[in-house]
Amino acid sequence: MFFMHLYLHIPWCLARCPYCDFNTFAARTWPEEAYADGLLRELDHHLDSTPWNGASLATIYFGGGTPSLFAPATIARLIDGIAARTSLLADAEITLEANPGTVDRQRLAGFRQAGVNRLSVGVQSFDDGRLAWLGRAHDAEAAKVALRAARQAGFDNLSLDLIHAVPGQDRAALLKDLDTALSFEPEHISAYSLTYEQGTPLTRDLAAGRVQRIDEEVEADLFETVRDHLGEHGYPAYEVSNHARAGYASRHNLAYWRGTPYLGLGAGAWSFAPAWPSASKDETSMSARHQVAAADQPTSPAPANNPTPGPSFGKRWRDLNDPRRWIEAVAGQGHAVDSAEVETLSREQAMGETCWLGLRQTSGLARSTFLSRFGEEPEAVFPLLVDLLETGLLETTNDGWCLTRRGLMVADAIFARFQS
Ligand code: SF4
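In this text the structure is predicted, and so the values were computed from the model without any measurement.

Caption draft 1: Region of interest: the packing of aromatic side chains. Throughout the structure, instances matching the rule amount to 15 aromatic pairs. Ring centres of Y256 and Y262 lie 4.5 Å apart, and the angle between their planes is 70°; this geometry places the pair in the edge-to-face category. Overall, Y256 belongs to the partly exposed group, its relative accessible area being 24%. You can call Y262 buried: its relative accessible area is 13%. Considering the side-chain rings of W356 and F415, the 5.8 Å spacing of their centres and the 35° angle between planes classify their relative orientation as tilted. One end of the pair, W356, is in helix α11 (residues 347-360); the other, F415, is in helix α16 (residues 411-417), and 59 residues separate them in sequence. Considered together, W356 and F415 belong to a single accessibility category, that of buried residues.

Caption draft 2: Molecular detail of the packing of helix α2 (residues 72-85) against helix α3 (residues 105-114). Viewed as axis vectors pointing N to C, α2 and α3 meet at an angle of 10°, and their least axial separation amounts to 8 Å. Considering their axes alone, α2 and α3 lie roughly parallel with respect to each other. For the pair formed by α2 and α3, the contact residues are P72, I75, A76 and I79 on the first element and R107, G110, F111 and A114 on the second. Looking at the contact of α2 with α3 residue by residue, the class counts come to 6 nonpolar, 1 polar and 1 charged.

Caption draft 3: Examining the packing of helix α1 (residues 32-47) against α2 more closely. Relative orientation of the contacting elements α1 and α2 amounts to 15°, with a least axis distance of 10 Å. Relative to α2, the element α1 lies roughly parallel. Remark: the crossing between α1 and α2 carries right-handed chirality. On the side of α1, the interface is formed by E32, E33, A36, D37, L39, L40, L43, D44 and L47, while α2 contributes T74, R77, L78, G81, I82 and R85. A class-by-class count of the residues in the contact of α1 with α2 yields 7 nonpolar, 2 polar and 6 charged.

Caption draft 4: Broad picture of the pattern of salt bridges. For the structure shown, the criterion picks out 19 salt bridges. One salt bridge in this structure joins E187 and R151, with 3.1 Å as the shortest N-O distance. With E187 in the loop between α6 (171-183) and β8 (188-193) and R151 in helix α5 (residues 140-152), the pair connects residues that are 36 residues apart, well separated along the chain. Residue classification places R151 among the partly exposed positions, given a relative accessible area of 29%. One salt bridge in this structure joins E328 and R324, with 3.2 Å as the shortest N-O distance. With E328 and R324 both in helix α10 (residues 323-333) and 4 residues apart, this pair spans about one turn of that helix. What makes E328 partly exposed here is its relative accessible area of 48%. Connected via shared salt-bridge partners are E33, D37 and R77.

Caption draft 5: Focus on the confidence of the model for the chain. When the pLDDT values of the chain are averaged, the result is 92; 92% of them are 70 or greater. Long-range and interchain partners of residues 278-310, a stretch whose pLDDT sits below 50, account for 82 contacts in this model, where long-range means more than four residues apart. As a predicted assembly, this complex carries a pTM of 0.92 together with an ipTM value of 0.99.

Caption draft 6: Broad picture of the state of the cysteines. Counted by the stated rule, this structure contains 0 disulfides. Of all cysteine sulfurs, the one in C402 lies closest to C355, which takes part in no disulfide; the gap is 14 Å. Assessed through its relative accessible area of 0%, C355 is described here as buried.

The rules behind these values
Residues numbered from 1 in each chain as written. Predicted model: local features only at pLDDT ≥ 70, side-chain atom pairs only at ≥ 80, totals over all residues. Heavy atoms only, no water. Phe/Tyr/Trp six-rings, centres within 6.5 Å; stacked < 30°, edge-to-face > 60°. Buried < 20%, exposed > 50% of the residue type's maximum accessible area, 1.4 Å probe, protein only. Helix = DSSP H or I, 4+ residues; strand = E, 2+ residues; numbered from the N terminus. Axes fitted to C-alpha atoms, helices over the stretch in contact; angles between N-to-C directions. Parallel < 35°, antiparallel > 145°, perpendicular 65-115°, else oblique. Contact = heavy atoms within 4.5 Å. Nonpolar A, V, L, I, M, F, W, Y, C, P; charged D, E, K, R; others polar. Left-handed = near helix turned anticlockwise from the far one by under 90°. Salt bridge = Lys/Arg side-chain N within 4 Å of Asp/Glu carboxyl O. pLDDT = per-residue confidence, 0-100. Disulfide = S-S within 2.5 Å.

What follows is the structure, given as structure tokens:
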């Protein structure tokens, strides 16, 4: 048996947040039926080909955009349609992203009934001033209402997103947000630092001096505060920005970081088909430092047959960004892969990705995974690993390396060195 993961992108939001660089479009109406038809049609197209044919489906993730804008009946039709076409595991994790202000108890109960068993709520903050600064369409009360309604609707696997390092935020303000989040006893918390992505209105404001970035030292202090405070309250980090109670790490996101195959459907969705043919050790066992429960370890080896023979070590591709063109392309040819966005991974790229995606996780980069994929010792290919160890940015685990606290502070710079 081999496994795959499915991502469905719903590209509409009620308003565009100024910091957002996702493929999203502000709208009050959207072609929901035609788009849902397209998602199933595109799934049919890909399921005929390697590595998706015959794979068992371990997770489904409705991301966006704002998937909670779609009617529960549409989500039910999609999940039923996916189940009819694939070998959907009985215990598959099925996540839907929801934004406060777009859901009430009845709507959430509809999603739960449709088969969604994990809800991820885009809270970002419980402070009205900070939410307004972030350009969010909801206030703190709407976030609290959504979280309460999620529990009443029967969701027992609840995640919420928070953003920190917003200008003006200090440690006390952050702790207030974290404590409010903890009071809802979610199973999972994603806590991201505000980032200034290229091309966003926020980054233009920064360049024009209309916005001042938070001081670097304050940002580092806030990052450490998140990690310590959530850790002390039973939510250890299992990735740079992701924290979970034991047994509740996101199986879908772990698949991304562990290099397992995922198929992305919808406008702007990315897919990845690796070339490594079999399970790696770190996909089936826990390192001593890894604090996520055994139930969260993906049971999935990569595809049984090599999807990209020859010198390629995998393929990554993106669908067309524009939803109207996406619908037309799928209706016409069965898929909407943007031919300008198909990338074949070289051995060197795949080795670098295995390293930095491994280091994103608290469990770290597993030597055994690297060896099984590439037949070489990681430090023979990347002497950088030895340098980082000697300078105290990495430490050793039972089977490889993970970032130290100091390394976490400069994680992005370290990851970039494995990509150059
Ligand atoms: S709601 Fe989320 S996806 Fe939509 S614009 Fe805001 S940050 Fe982006």
